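Chain by chain, the residues run as shown.
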Amino acid sequence: MTIAQEKKVVVEVSGWLRVFDDSSVDRTWLGPPEVEFMANPVPAHEEFIDGVATRDVTIEAQSGLRVRVYLPEKEPEEEKRSEGSNKLPVILHLHGGGFCISQADWYMYYAVYTKLARAARAIVVSVYLPLAPEHRLPAAVEDGFSALLWLSCLARGDSNEPWVTAHADFKRVLLIGDSSGGNLVHEVAARAGKSDLHPLKLTGAVPIHPGFVRAKRSRSELEQPQSPFLTLDMVDKFLNLALPIGSTKDHPITCPMGPAAPPLAELNLPPILLCVAENDLMKDTEMEYYEAMKKAGREVALFVSGGMTHSFYLNKIAVEKDPNTKIHTERLFQGIVEFISMH
């Protein structure tokens, strides 16, 4: 008679994720039940709700790679214009989650990117990224870039997605990413700079609170308060699970301004709006990236949210209950929308 052995947890990350000794992964939320709704999936809806319709599209049959498309409803003045003048910029969104958790259809992203689609009058295309440790980096970079290549196929007419094809201005495509998605924004932009995407034009990139770090702790990591969306334990464990085996945080994906990364001056990057939260654990290394970009002659602007912590704008409870968080969220949106409108 064989007795089945119970699986043992070998890595646990703050209620978000458990890795077992047989390499299986459980992402069931075990944190406070009152915040679980932010990690619940929102079904796609092709009817307009609050001015935005959504649909999920498989863009690679073989791999199953999918995106969620957000289409804003036409406003009255747009109805009066000719079809050609109503084309909308496209924002390719790469979600965060330390490369290990979250999905494009989570409520926290749905709430933010329906709002951005409305405010920026833009099509948002959010990628369902592969997660580590099952899919270690650079898997998420590759799928993010594949989504950009899919958009370039649509631009050339080699493929078709009715919503995007009919409404997109492919000469105004931007990247945006939250937290670890900000790292992916840099990597995908760097790959795009070496590729022929014609007639698509990548005109801007917005890394929001990117997960830029070094193997050695920064002062802000040691001194800034930890938040519900980011603790040192989460940073260490997620990156240990996500980076290629044997790598440290000095890897180019997590430290693009470090010596192991391609020199920033040699990269063909679009204009970048770097968004930083003043009390983010990773503020110092984010600012190090900003200074390195300026020194390299790259076009980079800085938007700082004073007194805020990592990914504060994704925390719907704080945005609704704390007036200061709400004000800074509105200012962040305004800054991003202005950047999009200029690019």
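Residues numbered from 1 in each chain as written. Predicted model: local features only at pLDDT ≥ 70, side-chain atom pairs only at ≥ 80, totals over all residues. Heavy atoms only, no water.

Concerning the packing of helix H3 (residues 139-156) against helix H5 (residues 180-192)
Contact geometry of H3 with H5 gives a least axis separation of 9 Å together with a crossing angle of 55°. As summarised for this structure, H3 and H5 are arranged oblique, according to the angle between their axes. Crossing angle aside, the handedness with which H3 passes H5 is right-handed. Residues Ala140, Val141, Glu142, Gly144, Phe145 and Leu148 of H3 form the contact with H5, whose participating residues are Leu184, Glu187, Val188, Arg191 and Ala192. (Axes fitted to C-alpha atoms, helices over the stretch in contact; angles between N-to-C directions. Helix = DSSP H or I, 4+ residues; strand = E, 2+ residues; numbered from the N terminus. Parallel < 35°, antiparallel > 145°, perpendicular 65-115°, else oblique. Left-handed = near helix turned anticlockwise from the far one by under 90°. Contact = heavy atoms within 4.5 Å.)

Some words on the pairing of strand E1 (residues 9-13)
Side chains on a regular strand alternate between the two faces of the sheet. Of the pairings in the sheet, the one linking E1 to strand E2 (residues 17-20) comprises four bridges and is antiparallel in character. Bridged to Val11 within E2 is Val19. In sequence, E1 turns back onto E2 through a hairpin of three residues, with Ser14 there showing a positive phi of about 40°. (Pairing = 2+ DSSP bridges.)

Topic: the environment of Leu332
Along the chain, the position of Leu332 falls in helix H10 (residues 323-342). Residue classification places Leu332 among the buried residues on the basis of a relative accessible area of 1%. Along the primary structure Leu332 and Ala53 are separated by 279 residues, whereas in three dimensions their C-alpha atoms are 23 Å apart. In this structure Leu332 touches Ile208, Cys275, Phe303, Phe312 and Tyr313, once residues within four positions along its chain are discounted. (Buried < 20%, exposed > 50% of the residue type's maximum accessible area, 1.4 Å probe, protein only.)

So, the pattern of salt bridges
Tallying each qualifying case throughout the model produces 16 salt bridges. A salt bridge links Glu291 to Lys294, with the shortest nitrogen-to-oxygen separation between them at 3.8 Å. Linking Glu291 with Lys294, this pair stays in helix H8 (residues 283-295), spanning three residues, or about one helical turn. Glu291 gets classed as partly exposed once you look at its relative accessible area, which sits at 41%. With relative accessibility at 41%, the residue Lys294 sits in the partly exposed group. Shared partners join several salt bridges into a network, and the residues in it are Arg217, Glu221, Asp236 and Lys249. (Salt bridge = Lys/Arg side-chain N within 4 Å of Asp/Glu carboxyl O.)

Observations regarding the packing of aromatic side chains
Tallied over the full model, the rule gives six aromatic pairs. With a centroid separation of 4.5 Å and 45° between ring planes, the pair formed by Phe212 and Tyr289 is classed as tilted. Linking Phe212 in the loop between strand E9 (202-208) and helix H6 (219-223) with Tyr289 in helix H8, this pair joins segments that are 77 residues apart in sequence. Exposure remark for Phe212: the relative accessible area of 0% places this residue in the buried category. The exposure class of Tyr289 is buried, given its relative accessible area of 0%. Taking the centre distance of 5.9 Å and the plane angle of 85° together, the rings of Phe312 and Tyr313 count as edge-to-face. As far as the burial class goes, Phe312 and Tyr313 line up, both buried. An aromatic cluster is defined as three or more aromatic residues linked by ring pairs; in this entry it consists of Trp16, Trp29 and Trp106. If you follow Lys7 out to its NZ or CZ, it ends over the ring of Phe20, 4.5 Å from the centre. Across from the ring centre of Trp163, 4.1 Å away, lies the NZ or CZ of Arg55, which sits over that ring. (Phe/Tyr/Trp six-rings, centres within 6.5 Å; stacked < 30°, edge-to-face > 60°. Lys NZ or Arg CZ within 6 Å of the ring centre and 35° of its normal.)

Here's the deal with the sheet that holds strand E3 (residues 25-26)
With antiparallel pairing, three strands are arranged side by side in an open sheet as E1-E2-E3. The outermost strands of the open sheet, each flanked by one partner alone, are E1 and E3. Where E2 meets E3, two bridges bridge the pair, whose relative direction is antiparallel. Bridged to Arg18 within E3 is Asp26.

Some details on the packing of helix H2 (residues 107-120) against H10
Any two packed helices are characterised by the angle at which their axes cross and by the distance between the axes. At a closest axis distance of 10 Å, the pairing of H2 and H10 adopts a crossing angle of 50°. Classed by the angle they form, the pair H2 and H10 counts as oblique. The crossing of H2 and H10 is right-handed. Within the contact between the two elements, H2 uses Val112, Lys115, Leu116, Ala119 and Ala120 and H10 uses Thr329, Glu330, Phe333, Ile336, Val337 and Ile340. A breakdown of the residues in the contact of H2 with H10 according to their chemical character gives eight nonpolar, one polar and two charged. (Nonpolar A, V, L, I, M, F, W, Y, C, P; charged D, E, K, R; others polar.)

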